[in-house]
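Coordinates in review
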Amino acid sequence: MRAPTRSPAHRTPTRRLAGVVAALALLGSAAVLAPEEVGTAPAAAAPACPASSGELLRSVPGTGRAVALTFDDGPSAWTPQVLDVLRAKGVRATFFVTGDHVARHPDVARRIVAEGHVIANHTQSHPQDVPGSVPRGRFDQLPGATQRDQVDRASRTVQQVTGVLPCLFRGPGGHQSSTTTRALLRERHLTNVLWTVDSRDWQQPGSPSRAAVDSIVRAATTGGGSRPVVLLHDGQATAGQDPDAHRGSTVAALARIIDTYGARGHAFTTPDGRAFPPARPPAPEVPVVADVDGDGRDDPGLFSAGRWSFTSSRTGSPLLLGFGAAGDAPLVGDWDGDGRDGVGVARRGVLHLRQSATTGPAQVVLRYGAPGDVPLAGDWDGDGRDTPGLRRGTRTFLAQQLRTGTASWVQDVGGGRDRVVTGDWDGDGRDTLGVVTPDGRVVVTDGPVQAPFPATGTRRGAVPAGARVAAGDFDGRGRDAVAVLTTGRPVVVALR
């Protein structure tokens, strides 16, 4: 959707909504809910971490044979392969992740949690060689305020993306023994985990070899005693390195490491000897598109159980926020006409909207629809402000104003199994409708929302069946396009 043209001194930036497709609950007509009824809690309340002494944990507590496999510096493009091996072997592990890499790979971080592994804090940016540290390269000798910022931002990032509050910590390079660091971890209830054996996979060459794999296996399975914590890596430490650089030797060595410890009778456990969390079915990931920075170009993203992740089209940087909960349907639009899209969710027929893509309480709450309706949003009349709509069966009910009330327009669109997308396909400032069929056929029309569908200016295209599809103005030229979201990057579909 574009803002209307104004005098040059007051021109509103070109902006867009997202034709958000979501098969969850939304909208209708009834009474406004009171603000205190807004529910923007995370999908599940994060349990408090147990008290921590802050002292170094070098091996798994307890008696008998046990081993904790731990992976540092991820997630990265290699982490899914690590997860595949663990799943095939029926083994769980602990991942000490950096906040920066979680923001880069939010879907992988959510998979770690979904498959019942432990996700832990490895600082936000893995500072090792930071000016001002004494001596240089030691995290635990950085100023206390810097350490707190690194630890707290990492925990916040992990919780925003996964809904899980980390309870374990490992310092960059294992530098975590200073009095300041131990006091910080004790205050934050973070268990301070070092390791018993170092696989030294961090010093392996950048391409796999039998010698490198043998070296990792030998180092990881030697000299650890009866309850070792094993150090491995599924990513590279900092942005100065390629965070997705080669970890193929670690992946190739992992099955042999697991088999060796299994043959010795070791049980696989967490570093602190607690039970692994239960695996959880992954929450649906719904494609969303929004102009989060107001530059006139839409940014692709995903919504999953109250967790939003966008990639800025201007900077390439990730934006993470928490708003909503599991079971909510996402909704995106420029509700106040300021040129920036805000986020929203539909919950049991009630809309909870924010005027920006930020975490916080809902600023607009209204009822429009009923549970089971599919939410829509668009600038139906070209006034520069987005308003809601809903799809029920094959009918859409679209509102002209952002308030509780009856629909202004009703339109039959597509078949009952089709997904609806909304967009300004011809650049006239008004959003109209389109559909994506289950077999991947795309039909959009320039006809106004009160006209029969399809109407004037019908264009057609095709996408892979089951693809993540959304609509947006990805080049900032004022016309929306349908695109497939692949690893966060929109691939525009040709429409003819």
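Everything below is about the structure shown above.
So, here's what we can say about the structure.

Criteria and thresholds
- Residues numbered from 1 in each chain as written.
- Predicted model: local features only at pLDDT ≥ 70, side-chain atom pairs only at ≥ 80, totals over all residues.
- Heavy atoms only, no water.
- Core = buried A, V, L, I, M, F, W, Y, C linked by side-chain atoms within 4.5 Å.
- Buried < 20%, exposed > 50% of the residue type's maximum accessible area, 1.4 Å probe, protein only.
- Helix = DSSP H or I, 4+ residues; strand = E, 2+ residues; numbered from the N terminus.
- Contact = heavy atoms within 4.5 Å.
- 1 Å grid on protein atoms, 1.4 Å probe; cavity = no way out; pocket = protein on both sides within 12 Å on 5 of 7 lines; lining within 4 Å.
- Points joined across faces, edges and corners; volume = space filled by probe spheres on them.
- Nonpolar A, V, L, I, M, F, W, Y, C, P; charged D, E, K, R; others polar.
- Pairing = 2+ DSSP bridges.
- Axes fitted to C-alpha atoms, helices over the stretch in contact; angles between N-to-C directions.
- Salt bridge = Lys/Arg side-chain N within 4 Å of Asp/Glu carboxyl O.

Describing the nonpolar core
Ranked by internal contacts, the top residues of the largest apolar core, which has 35 residues, are L69, F71, L86, F95, V230, L254 and I257. Ranked by residue count, the leading element in this core is helix α7 (residues 248–263), at 6 residues. Once residues within four sequence positions are removed from consideration, L254 is found in contact with L69, F71, V82, V85, L86 and L232. Among the nonpolar cores identified, the runner-up in size contains 15 residues, and V288, L321, V332 and V343 belong to it.

Comments concerning empty space enclosed by the protein
Applying the stated criterion across every chain, the model contains 1 cavity of 30 Å³ or more. The calculated volume of the largest cavity comes to roughly 40 Å³. Forming the walls of the largest cavity are D201, Q204, P205, I216, H246, R247, G248, S249 and T250. A total of 3 residues in the lining of the largest cavity trace back to one element, the largest contributor, which is α7. Classifying every residue of the lining of the largest cavity gives 2 nonpolar, 5 polar and 2 charged.

Considering the sheet that holds strand β20 (residues 395–398)
Across the sheet, 4 strands lie side by side as β18-β19-β20-β21; this open sheet has antiparallel pairing. Each edge of the open sheet is held by one strand with a lone partner, namely β18 (374–378) and β21 (409–412). Between one strand axis and the next, the sheet turns through 25 degrees on average, direction left out of account.

Regarding the sheet that holds strand β14 (residues 329–333)
Strand order in the open sheet formed by 4 strands is β14-β15-β16-β17, with antiparallel pairing between adjacent strands. The two strands at the open ends of the sheet, each matched to only one other strand, are β14 and β17 (364–367). Between one strand axis and the next, the sheet turns by 25 degrees as a mean value, whatever way the strands run. Sheet topology places β14 next to strand β15 (residues 342–347); 5 bridges connect them, and they run antiparallel. The residue of β15 that forms the bridge with G333 is G342.

A few points about the pattern of salt bridges
Side chains bearing opposite charge may pair, as long as their charged atoms lie close to each other. If you walk through the whole model with that rule in mind, you get 25 salt bridges. Among the ionic pairs, R297 bridges to D295, the shortest N-O distance being 3.5 Å. Given a relative accessible area of 26%, D295 falls into the partly exposed group. One connected set of salt bridges, linked through shared partners, spans D84, R87, R111 and E115.

Details of the pairing of β21
Because side chains alternate across β21, one face comprises the buried residues W409 and Q411, and the other comprises V410 and D412, none of which is buried. In terms of strand pairing, β20 meets β21 through 4 bridges, oriented antiparallel. Looking at the pairing, R395 lines up with D412 of β21.

Purely geometric stuff here, so don't read any function into it on its own.
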